[in-house]
Amino acid sequence: MTLFATVFPLLCWLAYNYGVPLVERRTPSLSVIMSLQRRRWVANAARRESPMDAILSGNLMGAVSFLASTSVLLVLAIFAAFGQVPAVMESLRTVGMGGTFTTADLQIHFIVMLTIFALSFFSFTLSLRQFNHFCIMLGAMDHAGEGVTAEEVDAIAQLNSLAAKNFNNGIRGYYFAVPTVAWFASDWAAIVVSIVTVGFIVHREFFSSAHRLAASATVIASRRDKDRGG
C-alpha cells in the first residue's frame with residue numbers, strides 16, 4: 001500500500017497526459033481554445049510591425065525560465081535529502097507523521113519526487129527552446145513584399161502551441177508534486193489528494209470561468225473574422 005501510494009501521483013500525471021488528448025477530440029479544453037488564439041496572434045503579428053510581439057514573447061520565456069530554474073533547485077534539494085534520511089524520519093516523528101515508514105520507503109518516495117521534478121525540468125527547458133524558435137520564426141516573417149502565407153502562419157502558431165503544451169505539462173508536474181507531500185501524512189492522503197488534483201485540473205481545463213470566457217472571446221473573434229472575409 002505504501003509503495004502504491006508513493007507512485008500513484010506519478011501514475012495520475014501520466015494518465016492525465018495521455019487521457020485528456022482523447023477527450024479533447026470531442027470537447028475542446030482551455031488549452032485547445034488558447035491554441036486558436038495563438039494562431040490569431042501570429043496572423044495579426046504578420047500584418048504589423050510592432051515591439052509588442054517581442055515583449056509578449058519575452059514575458060512567456062521569462063516565466064518558463066523561472067520555473068525551469070526552480071525545478072533545478074528542487075532536484076538539488078531532493079538529492080540533499082537522500083543524505084539526510086534518518087534526520088527526515090526523526091523530523092516526521094516529531095510532528096506525528098511517518099511513524100510507520102522505513103528508510104527504504106523514504107528513499108523510494110524521494111526517487112518518485114525526483115522523477116516528477118526532473119521531468120518537469122525537461123518539459124520547461126524543451127518549452128523554453130521551442131519558444132525561442134518561435135521568437136526567431138516570428139522575427140523572420142516578411143512584412144513587405146508578398147507577405148506571409150497561411151501555411152507559414154499555421155506552422156509558427158503550431159510551434160507556439162507545442163511550446164505551451166510542454167509548459168503546461170511541467171506545471172502539472174508541480175500540481176502532482178503536492179500529493180507526494182501529502183504522502184508524508186498518510187498513504188491515503190496521497191491517493192485522495194491525487195484524485196482531487198486530477199479533478200481540479202479537469203475543472204480548470206473544461207469547466208472553469210476562464211474556459212467559458214476564452215471560448216466566448218474565440219467565438220466572437222471568429223464571427224468577426226468571417227464577416228470581414230465576407
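Residues numbered from 1 in each chain as written. Predicted model: local features only at pLDDT ≥ 70, side-chain atom pairs only at ≥ 80, totals over all residues. Heavy atoms only, no water.

Points about the side chain of S29
(1) Moving on: Checked against the element boundaries, S29 lands in the loop between α1 (2–24) and α2 (30–45).
(2) Moving on: A residue is classified by how much of its surface remains accessible, and S29, at 0% relative accessible area, is buried.
(3) Moving on: There is a polar contact of 2.6 Å between the side chain of S29 and the side chain of E24.
(4) Moving on: Discounting residues that sit within four places of it in the chain, S29 has contacts with E24, E205, F206 and H211. (Helix = DSSP H or I, 4+ residues; strand = E, 2+ residues; numbered from the N terminus. Buried < 20%, exposed > 50% of the residue type's maximum accessible area, 1.4 Å probe, protein only. Polar contact = N/O pair within 3.5 Å; in protein donor to acceptor, adjacent residues only side chain to side chain. Contact = heavy atoms within 4.5 Å.)

Focus on the packing of aromatic side chains
(1) Moving on: One pass over the full model with this rule turns up 12 aromatic pairs.
(2) Moving on: With a centroid separation of 5.8 Å and 55° between ring planes, the pair formed by F124 and F167 is classed as tilted. Taken together, the residues F124 in helix α5 (residues 103–139) and F167 in helix α6 (residues 150–182) connect sequence positions 43 residues apart.
(3) Moving on: Taken together, the ring pairs connect F79, F82, F110, W183 and F184 into an aromatic cluster. (Phe/Tyr/Trp six-rings, centres within 6.5 Å; stacked < 30°, edge-to-face > 60°.)

Things to note about helix α3 (residues 52–82)
(1) Moving on: If you check α3, its first and last C-alpha atoms are 46 Å apart, about what 31 residues at 1.5 Å a residue would give, namely 45 Å.
(2) Moving on: Along α3, the residues classified as buried are D53, S57, M61, V64, L67, A68, S71, V75, I78 and A81.
(3) Moving on: Buried residues belonging to α3 abut α2, α4 (85–94), α5 and α6. (Expected span 1.5 Å × (residues − 1).)

Examining the pattern of salt bridges
(1) Moving on: Using the criterion set out here, one finds 2 salt bridges in the structure.
(2) Moving on: Across the pair R39 and D154 runs a salt bridge, and its minimum N-O distance is 2.8 Å. With R39 in helix α2 and D154 in helix α6, this pair connects stretches of sequence that are 115 residues apart.
(3) Moving on: On the accessibility criterion, D154 (30% relative accessible area) is partly exposed.
(4) Moving on: E205 is the salt-bridge partner of R204, the closest N and O atoms lying 3.1 Å from each other.
(5) Moving on: The exposure class of R204 is partly exposed, given its relative accessible area of 21%. (Salt bridge = Lys/Arg side-chain N within 4 Å of Asp/Glu carboxyl O.)

Everything listed here is a matter of coordinates, which is why it stays silent on function.
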